[in-house]
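# Close look at the chain arrangement
Listed here are the chains, written in short residue letters.
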Amino acid sequence: MTAVVATGNDTLGDAVPPFTPHAISVSLPTWRDNVGYEEGEKRVVESMVSGYPRFFIHLSIQKLASICEQKFCINGEKSLLCSSKGAADHCREFILARVALSGISTHVRLVRYLVRPEHAPSQPSSSTDECVELHIILFPADIFPIAKQFWQHTGMGISSRFAERCLAILGSQQPLSPVAPSRSPVSWRSPYKASNKHYSKHIPASPSLGGESRPSASLPSCPPEALCKDQDTYIEERYGRNLPLSAGAHAKRALRRRIAGVLVHDTMDDGPHGPSAGALDAELGPSSRGVKDVTENDVFLFPTGMAAIWNAHQLALAVRPVARSVCFGFPYTDTLKILQKWGPGCHFFGHGQDSDADALENLLEQTSSENPSTPPILAIFTEFPSNPLLRSPDLTRLRSLADKYDFLIVVDDTIGNFVNIEVLPYADVVVSSLSKIFSGCANTMGGSLVLNPQGRHYAALKQYLSTNYEDVYFSEDALFMERNSHANTEAICDFLRARSLSGNTSHRECIAIKEVYYPKYFCPTNYAICQVPEGGYGGLFSLTFTSLAASRAFFDALPCLKGPSLGTNFTLACPYTILAHYNELEWAAEYGVEEGLVRISVGMEEKEDLMRCFEVALKAAETATAVVN
């Protein structure tokens, strides 16, 4: 089935996917738009009604924050919102620590706000769906850019659905329309950009992939809030199930079982209390994840994938002797930031290849000889394969080093995902972004952390999580994630590589593509060790080009949705280095992440349609190359 997507350059700032009130991406259709976003260009930031949730604070969250600020702030304070006291405490500690590094004196206040209907009891039971506990972090407005780092790096802020639940409760008590969205800087580049100013947008037409724009059916007029609530509800539930929040526990149990690989007969059917896969009487069996004794109780859910990574690092710091971590391979940007900004820091082996493994082994040997009584490092954090270069580390060698020197291994398998690979046998902890491959609809966030019950430190890790884990994954987000979870890429990569410098053996004139980064071509032996029978190479690849002009031409001509995120049912492209490392381009290039790199997540469209789209883009890039030459 061919997905319906908007491909025109007039979609700037619209939600991706279109007509999705809780979309987790935003349309940045041209190279110029992406650069404009990074530089805070007014044309771009004033067009945005959506964005990746850790970088762009959703309009509903902004609205709720404005209400909280009006109610609780002193002297123009700004706020961030969390759903638990634990997360709020961590946020406060982070802000104070980072501000102190600059030699600035400040204050951070915490407010617990029980959002409840007027008729609800003043001390409701913890099981009621009518009341929501909100934790507000208040601080001087001028340190918002520092506070926003916690939101971005940890992914522990509230979700847009959580905010809308609060707004719905408050809406029964007071008029909300006079409260405008916050005009504080909300973009992830807030120290660099001007303030975002968000406006309601027209609803764009949605042509199919590679097609001409077609007029959409007329919709009833709405108040100026992007989409009215009835339309939101219709769009959210059109292809899914309408389940009450009370079904959230069943949905989470179904997710944990699905991730643990213990469901004998997985099903998307619903029982009287929620998803059948989460029912107490569902048939369970041994795990299919390659490790004995894995159960749903070894799986812990978090509101985002980055929250799973941040909590894995917090877990390691709490359970093991404190030491620097190792980041092995060039990771997604916030993973490295977490390891650098919490705890004693990290060693960075950014290439993640055999030479780095040799250097790591030398470091471990030297550090251990200097202090043999404690492990030389806290843990290795690595991606399998990596984002965006799709390199697979040698997990067997890393596991051997971990066993020898007694440290943890944390593997992020988001890009490979458990459909294609089994990494748990080599890891103590596996983290995943469920927002990506697990959920292709791009309308909800989520993350998971899985413990290896055969690991040396399993008992200590499990005991700590059993005591300290806070379930802050909002039930409605879990419901949508559970609903969503139930060979194009390789063909495209083969086609493009045959026209690249690395794969072209026939002629070298006007070649636009320098390299195709895909697990099939890079570190294939390491990947094959973890590849399951019948497993593929995943739906993500990256391209580098022979010139920046070729990169721009390819990206601008590619007729698919353009925006951050990956793992969607529809094809999605972005100039990754521009979005992730705009202020550190030279540093990223040292590790092979070039300025002109384009990352592409291939969707479920028909292969022939996709091939035509990439032929169009490749022709544009080769034409640009001919002009340059």
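Since the model is a prediction, treat every value here as computed from it, not as a measurement. (Residues numbered from 1 in each chain as written. Predicted model: local features only at pLDDT ≥ 70, side-chain atom pairs only at ≥ 80, totals over all residues. Heavy atoms only, no water.)

## Here we look at the packing of aromatic side chains
What the rule picks out here adds up to 27 aromatic pairs. Judged by centre distance (6.1 Å) and plane angle (50 degrees), the rings of F94 and F150 are tilted. Here F150 lies in helix α5 (residues 144-154) and F94 lies in helix α4 (residues 85-101), a separation of 56 residues in the sequence. With a centroid separation of 6.4 Å and an interplanar angle of 40 degrees, the aromatic rings of F554 and F614 are classed as tilted. One end of the pair, F554, is in helix α19 (residues 548-557); the other, F614, is in helix α22 (residues 607-628), and 60 residues separate them in sequence. No difference in accessibility class separates F554 from F614, as the two residues are buried. (Phe/Tyr/Trp six-rings, centres within 6.5 Å; stacked < 30°, edge-to-face > 60°. Helix = DSSP H or I, 4+ residues; strand = E, 2+ residues; numbered from the N terminus. Buried < 20%, exposed > 50% of the residue type's maximum accessible area, 1.4 Å probe, protein only.)

## Remarks on the sheet that holds strand β18 (residues 572-574)
If you trace the five strands from one edge of the open sheet to the other, you get β15-β16-β19-β18-β17, paired in mixed fashion. If you trace the sheet from one side to the other, it starts and ends with β15 (513-517) and β17 (561-562), each paired once. The sheet strands contacting α19 are β16 (540-545), β17, β18 and β19 (598-601), and the helix crosses β16 at an angle near 140 degrees. (Pairing = 2+ DSSP bridges. Contact = heavy atoms within 4.5 Å. Axes fitted to C-alpha atoms, helices over the stretch in contact; angles between N-to-C directions.)

## Observations regarding the packing of helix α11 (residues 354-370) against helix α12 (residues 395-405)
At a closest axis distance of 11 Å, the pairing of α11 and α12 adopts a crossing angle of 0 degrees. Judged on the interaxial angle alone, α12 and α11 are roughly parallel. Listed contacts from α12 to D354, A357, D358, L360, E361, L364, E365 and S368 of α11 are R397, L398, L401 and Y405. Residues that form the contact of α11 with α12 fall into these classes: six nonpolar, one polar and five charged. (Parallel < 35°, antiparallel > 145°, perpendicular 65-115°, else oblique. Nonpolar A, V, L, I, M, F, W, Y, C, P; charged D, E, K, R; others polar.)

## Re the confidence of the model for the chain
For the chain, per-residue confidence averages 85 on the pLDDT scale, and 81% of positions sit at 70 or higher. Below pLDDT 50 for its whole length, residues 124-128 participates in two contacts with residues either more than four positions away or in separate chains. Note on residues 175-228: pLDDT is under 50 here. Beyond four places in sequence and across chains, it has 131 contacts. (pLDDT = per-residue confidence, 0-100.)

## Brief notes about unusual backbone geometry
V16 connects to P17 through a cis peptide bond whose omega is 0 degrees. Structurally, P17 can be placed in the loop between β1 (15-16) and β2 (25-26). A cis amide bond, omega 20 degrees, links N387 with the succeeding residue P388. Along the chain, P388 turns up in the loop between β11 (379-383) and α12. Look at A442: it is not a glycine, yet its phi comes out positive at around 55 degrees.

## With respect to the side chain of S601
Mapped onto the fold, S601 is located in strand β19. Classification of S601 by relative accessible area gives buried; the value is 3%. Here S601 is in contact with G539, L540, L566, G567, T568, F570, T571 and L572, once residues within four sequence places are set aside.

## Let's talk about the sheet that holds strand β5 (residues 132-139)
The strands making up a sheet associate through hydrogen bonds between their backbones, and the pairing can be parallel or antiparallel. Within the open sheet, the three strands sit side by side as β3-β5-β4. Their pairing is antiparallel. Sheet topology places β3 (78-82) and β4 (109-115) at the edges, where each strand pairs with a single neighbour. Strand-to-strand twist of the sheet, defined as the mean angle between neighbouring strand axes without regard to direction, takes the value 30 degrees. Of the strand pairs in this sheet, β3 and β5 are connected by five bridges, and their pairing is antiparallel. Opposite S79, over in β5, you have L138 as the bridge partner. This element, helix α3 (residues 59-72), spans β3, β4 and β5 of the sheet and lies at about 120 degrees to β3.

## Regarding the environment of L134
Within the secondary structure, L134 sits in strand β5. On the basis of relative accessible area, L134 is assigned to the buried category, the value being 0%. Once the C-alpha coordinates of L134 and A163 are considered, the two residues, 29 residues apart in sequence, prove to be 9.4 Å apart. Setting aside anything within four residues of it in sequence, one finds L134 in contact with L64, C68, L81, C82, V111, R112, Y113, V115, I158 and F162.

## Observations regarding the environment of R552
Residue placement: R552 occurs in helix α19. Distance from R552 to G596, taken between C-alpha atoms, is 7.6 Å for residues 44 residues apart in sequence.

## Considerations on the pairing of strand β10 (residues 346-349)
Bridge count between strand β9 (residues 325-328) and β10: four bridges; the pairing is parallel. Paired with F328 across the two strands is F349, which belongs to β10. Of the crossover connections in this fold, the one passing from β9 over helix α10 (residues 333-341) to the parallel β10 is right-handed. (Right-handed = clockwise from strand over helix to strand, strands pointing away.)

## A word on the side chain of S432
Inspection of the secondary structure puts S432 in strand β13 (residues 429-433). Polar side-chain contacts of S432 include one of 2.3 Å to the side chain of D413. With sequence-adjacent residues up to four places away left out, S432 is seen in contact with G305, A308, D412, D413, T414, G446, G447 and S448. (Polar contact = N/O pair within 3.5 Å; in protein donor to acceptor, adjacent residues only side chain to side chain.)

## Observations concerning the nonpolar core
As a rule of thumb, soluble globular proteins bury nonpolar side chains together. One finds L64, L134, L496, F541, I600 and F614 to be the most contacted residues of the largest nonpolar core, which totals 131 residues. Excluding its chain neighbours within four sequence positions, the residues that come into contact with L64 are L81, L134, I158, A163, C166, L167 and L170. With 40 residues, the next largest nonpolar core counts V299, I377, I380 and V450 among its residues. (Core = buried A, V, L, I, M, F, W, Y, C linked by side-chain atoms within 4.5 Å.)

## Regarding the pattern of salt bridges
In total, this model carries 26 salt bridges according to the counting rule given. Note that K78 and E69 form a salt bridge whose closest N and O atoms lie 3.2 Å from each other. Both residues of the pair, K78 and E69, count as buried. Residues D609 and R612 are paired through a salt bridge, measuring 2.3 Å at the closest nitrogen-oxygen approach. Of this pair, D609 and R612 both sit in helix α22, three residues apart, which is roughly one turn of the helix. (Salt bridge = Lys/Arg side-chain N within 4 Å of Asp/Glu carboxyl O.)

## Considerations on α22
For α22, built from 22 residues, the straight-helix expectation of 32 Å at 1.5 Å per residue is met to within 8% by its first-to-last C-alpha distance of 31 Å. Here α22 has its buried residues at D609, L610, M611, C613, F614, A617, L618, A621, E622, A624 and T625. Buried residues along α22 sit in contact with α17 (488-497), β15, β16, α19 and β19. (Expected span 1.5 Å × (residues − 1).)

## A look at the pairing of β16
In terms of burial, β16 is largely enclosed, as six of its six residues are buried. The pairing of β15 with β16 spans four bridges and is classified as antiparallel. Residue Y517 lies in a different strand from β16, and its bridge partner there is S542. Relative to β19, β16 runs antiparallel, the two sharing four bridges. In the sheet register, F541 faces β19, and the bridge partner there is I600.

## Overview of α12
Turning to α12, its buried residues are L395, L398, R399, L401, A402 and Y405. Considered in projection along α12, the buried side chains sweep an arc of 160 degrees and stay on one side of the axis. In the core, the buried residues of α12 are packed alongside β9, α11, β11, β12 (408-412) and α18 (524-530). Residue D406 follows α12 closely and has a positive phi angle near 60 degrees. (Arc of directions from axis to C-beta.)

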